[in-house]
Amino acid sequence: MSATLRHRRSHELESLLFSAISSAPSLFQLKQAHALLYPLGLHRSNYLASKLLRRLAELGSPSNTCVLAVFSQVPAPNSFLWTALIRASAALGPPCPHPLLLYSLMRRALPPPPPLSFTFSALLKSCSASRSIAMGSQLHAQTIFIGGFNEDLFVQNTLIDLYVQCGQLDLARKVFDEMLVRDAISWTSLIVAYTRNGDMGSAEELFGESPVKDMIAWTAMVTGYSQNGRPREALMVFDKMREAGVAIDEVSLVGAVSACAQLGAVKRAEGVRQIAELYGLGRNVVLGSAMVDMYAKCGLIDEARQVFNGMDDRNVYTYSTMITGLAAHGKASDAVDLFEEMVAEPHIAKIAGEKLFELEPDAIGNFVLLSNIFASAGMWNEVSNVRKLMRGRGLRKNPASSWMEARDGTVHEFFAGDGSHPMSREIKAALEELMDRLKSRGYVPMLSSIVYDVSESEKQRLLKGHCEKLALAFGLLTVDSGGIIRIVKNVRICEDCHLVMCLASSSENREIVVRDNMRFHHFKDGVCSCGGFW
DNA sequence: ATAGGGTTAG
């Protein structure tokens, strides 16, 4: 009696915790939910641990230790938990173990848990993402011999995608042909592969045969024609699609819009826009950008601009399209203005930043750069997000320092706000005097160089403590007049310090050379060799 | 869980 009651209670608790985990809005809350499991012994549950891993991946947990910690609490991991671990590692990437490594560990567990269909699909997906055809085809064999999944729709569809991604269309077709049951996804995957290969003939053939034509399949045909330079056929298919009573969404409109752009057909363009309005679509960036292009190419540059202005989300494509549109209509000065609006480094900086992280995900400089750009635009939320990301990856900023060689060959190093130098008092006094002289000559501190969200006066104070300024003051005190003051800095010199160096080189009549991590700055008579670009 | 998306230059 009491045993069944206890069992029932723990079951209720389990489902309660399950929903707490799956709805946790942030990593913090997820960790709190996780902590609740321990006193109840539920951290040993395969079911809850799998859910935890899934949520960790969805929230983009920045650390692999969380993932492994959750997994290793479970004494007898089952197929579901192993698969959740594989999926989470694949989603989170490098700091986590490679999915294939985890799979081989899974195969070695005693007794080995039988792989599930979505174990294979996770693995195959990671192969197709990295285009590793060799690994992928080995797994293909295992899906049959180990998993017995040669009739599993899901696995077969993932295999089609694997071969398509690896450019092996004939192998993809072979998988497709041998399938006993196919769904819309199997058909569409191949149709798209053909259209991307420029083989509209094969695409048409398959599309004609397909008994399961849904919105996505129709859309694939419309964009296929459009992207292969056959805009009239694209619009014909689009019309047929509407006649067939298929629903329309933003993506399906893009192909039609781009076809109108290619044709320069004003009336068709108007028709497509009415459809967009009818369905309340068009708030989407891609569709909006396509519409800007459509209007520009149909000669309606003002309408293009109207769409552009009305968009609440714009990216590089949107700007480029609008700019070239303006240029094509002879509105050169508008085009230049818009270009300048675009590069003036936070909206676009965000995009550029994302690209940078794709190329060099762990380069510390990228984090610092992005954080500083957001800071100078006053986007403090984004700044703290970047900081969190850095912390999560265990990246720490090297403290900025400047150093210079004194007359006797000793090297003196300065950190920001640093008072540890034996001559600190003289240095600070010399710096104060220098700043006063520069201010009387019109120097205004560039508060925007301070990337913290603090008061103006605090910014002034922080600026004064920059290590290269301390080094400069030390140089003015110790280097013979006429001698060059040579400073080395481990990170990029800030704008305010750069300005101070320029001004000081003329007011103090000194040559100053600063080497930062990127280049040399030769300051002489108020100008710098870098010409303001660094 | 797996399928569809926009610009330009040469």
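- The name recorded for chain A in an unreviewed UniProt entry is DYW domain-containing protein, from Dioscorea zingiberensis.

### A few points about the packing of helix H11 (residues 184–196) against helix H13 (residues 215–227)
Here is step 1: The geometry of H11 relative to H13 is characterised by a closest axis approach of 10 Å and an angle of 5° between their N-to-C directions. It follows from the interaxial angle that H11 and H13 lie roughly parallel. Residues Thr188, Ile191, Val192 and Thr195 of H11 form the contact with H13, whose own contacting residues are Ile216, Ala217, Ala220, Met221 and Gly224.
Here is step 2: In terms of residue class, the contact of H11 with H13 is built from six nonpolar, three polar and no charged.

### Observations regarding the protein's contact with DNA strand B
Here is step 1: Neighbouring DNA strand B are 36 residues, the closest being Arg54, Asp214, Asn284, Lys297 and Tyr317.
Here is step 2: Among atoms of DNA strand B positioned within 4 Å of the protein, sugar and phosphate together represent 40%.
Here is step 3: Ser252 is positioned with one of its backbone polar atoms (N or O) 3.4 Å from a base nitrogen of DNA strand B.
Here is step 4: One of the side-chain nitrogen or oxygen atoms of Thr321 is found 3.2 Å away from a sugar or linking oxygen of DNA strand B.
Here is step 5: For the surface near DNA strand B, the secondary structure elements donating two or more residues are helix H7 (117–129), helix H9 (153–165), H11, H13, helix H15 (250–263), helix H17 (285–297) and helix H19 (316–328).
Here is step 6: Among the residues making up the surface near DNA strand B, the classes are represented as 13 nonpolar, 16 polar and seven charged.

### As for the pairing of strand E3 (residues 485–489)
Here is step 1: Burial within E3 is extensive, with four of its five residues counted as buried.
Here is step 2: Sheet analysis places strand E1 (residues 401–405) next to E3, joined by two bridges and oriented antiparallel. Bridge pairing links Trp403 to Val488 in E3.
Here is step 3: Pairing of E3 with strand E4 (residues 512–515) involves four bridges; the strand directions are parallel.

### Brief notes about the UniProt feature "repeat: PPR" (unreviewed entry) in chain A
Here is step 1: Taken from the UniProt record, the annotation "repeat: PPR" (unreviewed entry) applies to residues 152–186, 214–248, 284–314 and 315–349.
Here is step 2: Counting secondary structure, residues 152–186 comes out at 74% helix and 0% strand; the distance between its end C-alpha atoms is 12 Å.
Here is step 3: This span, residues 214–248, is 74% helix and 0% strand, and a straight line between its end C-alpha atoms measures 10 Å.

### A word on the packing of H13 against H15
Here is step 1: Where H13 meets H15, the axes come as close as 8 Å, and the angle between the chain directions of the two elements is 20°. On the basis of their axis angle, the class for H13 and H15 is roughly parallel. Judged by the sense of rotation from one axis to the other, the crossing of H13 with H15 is left-handed. In this structure, H13 contributes Met215, Thr219, Val222, Thr223 and Ser226 to the contact, and H15 contributes Val251, Ser252, Gly255, Ala256, Ser258, Ala259 and Gln262.
Here is step 2: Of the residues assigned to the contact of H13 with H15, the class counts are five nonpolar, seven polar and no charged.

### Regarding the nonpolar core
Here is step 1: Counting residues in each nonpolar core, the largest one holds 103 residues, and the members touching the most others are Leu53, Leu253 and Met294.
Here is step 2: The leading source of residues in this core is H17, at eight residues.
Here is step 3: If we ignore the near neighbours within four places in the chain, the residues touching Leu253 are Phe238, Ile248, Val272, Ile275, Ala276, Leu281 and Leu287.
Here is step 4: Formed by 31 residues, the second largest nonpolar core is a distinct cluster that contains Tyr443, Ala473, Ile487 and Cys528.

### Side note on a nonpolar patch on the surface
Here is step 1: On the surface, a nonpolar cluster with roughly 300 Å² of combined accessible area is contributed by Phe80, Phe118 and Phe154.
Here is step 2: Tracing the sequence through the fold places Phe154 in helix H9.

### A closer look at the environment of His522
Here is step 1: Mapped onto the elements of the fold, His522 is located in strand E5 (residues 520–524).
Here is step 2: Separated by 21 residues in sequence, His522 and Met501 place their C-alpha atoms 9.4 Å apart.

### Observations regarding the packing of aromatic side chains
Here is step 1: One pass over the full model with this rule turns up eight aromatic pairs.
Here is step 2: With 6.0 Å between their ring centres and 55° between their planes, Phe80 and Phe118 make a pair best called tilted. With Phe80 in helix H5 (residues 79–92) and Phe118 in helix H7, this pair connects stretches of sequence that are 38 residues apart.
Here is step 3: Judged by its relative accessible area of 31%, Phe118 falls in the partly exposed class.
Here is step 4: Taken together, a centroid distance of 5.1 Å and an interplanar angle of 80° make the contact between Phe207 and Trp218 edge-to-face. Placement of Phe207 in helix H12 (residues 200–209) and of Trp218 in helix H13 is noted, with a sequence separation of 11 residues between them.
Here is step 5: Joined through ring pairs, the aromatic side chains of Tyr103, Phe120 and Phe149 make up one cluster.
Here is step 6: In this structure, Arg182 is placed above the aromatic ring of Phe176, and the distance from its NZ or CZ to the ring centre is 4.4 Å.
Here is step 7: For Lys213, the ring lying beneath its charged end belongs to Phe207, and the centroid distance is 5.3 Å.

The rules we used
Every chain is numbered on its own, with residues counted from 1 as its sequence reads. Starting at A for chains and at 1 for ligands, labels are handed out in the order in which the entities are written. Two thresholds apply to this predicted model, a pLDDT of at least 70 for residue-level local features and 80 or more for giving and counting side-chain atom pairs, whereas whole-chain, interface and lining totals are computed over all residues. To obtain the side-chain values, all non-hydrogen atoms of the structure were included, while hydrogens and water were left out. Note on method: axes are straight lines fitted to C-alpha atoms, helices fitted across the in-contact stretch only, with angles between N-to-C directions ranging 0 to 180 degrees. By the criteria applied, helices consist of DSSP H or I runs no shorter than four residues and strands consist of E runs no shorter than two, each listed in order from the N terminus. Orientation labels follow simple angle bins: below 35 degrees gives roughly parallel, above 145 gives roughly antiparallel, 65 to 115 gives roughly perpendicular, and whatever is left gives oblique. Here a residue-residue contact requires only that any non-hydrogen atoms of the pair lie within 4.5 Å. Asp, Glu, Lys and Arg are counted as charged, while Ala, Val, Leu, Ile, Met, Phe, Trp, Tyr, Cys and Pro are counted as nonpolar; the rest, among them Gly, fall into the polar class. Consider each residue's heavy atoms; a residue with any of them within 4 Å of a molecule or strand counts as near. As used in this structure description, the phrase polar contact means that two N or O atoms lie within 3.5 Å; if the pair is within protein, one of them must be able to donate a hydrogen and the other to accept it, and residues adjacent in sequence are counted only when both atoms belong to side chains. To sort residues, take the accessible area from a 1.4 Å probe on protein chains only and compare it with the maximum for the residue type: under 20% means buried, over 50% means exposed, and anything in between is partly exposed. Pairs of strands are assigned from DSSP output, requiring at least two bridges between the strands. UniProt positions are given in the numbering used here, feature names are shortened, and annotations may be inferred rather than shown by experiment. Two helices cross in a left-handed way if the nearer one is turned anticlockwise from the farther one by less than a right angle. They cross in a right-handed way if the turn is clockwise. Nonpolar cores are built from buried Ala, Val, Leu, Ile, Met, Phe, Trp, Tyr and Cys residues. Side-chain atoms within 4.5 Å join them into one set. What goes into a patch is any residue over 30% in relative accessible area without a salt bridge, connected to like charges within 9 Å or, for nonpolar side chains (Val, Leu, Ile, Met, Phe, Trp, Tyr), within 5 Å. To measure how exposed things are, a 1.4 Å probe is used in the Shrake-Rupley method; for residues, cover is taken only from the protein chains shown. Basic side-chain nitrogens of Lys or Arg form a salt bridge, by our definition, when they fall within 4 Å of a carboxyl oxygen of Asp or Glu. Only Phe, Tyr and Trp rings are paired, with Trp represented by its six-membered ring, and only when their centres lie within 6.5 Å; those with planes under 30 degrees apart are stacked, over 60 edge-to-face, the remainder tilted. Geometrically, a charge over a ring is one whose NZ (Lys) or CZ (Arg) sits within 6 Å of the ring centre while staying within 35 degrees of the ring normal.

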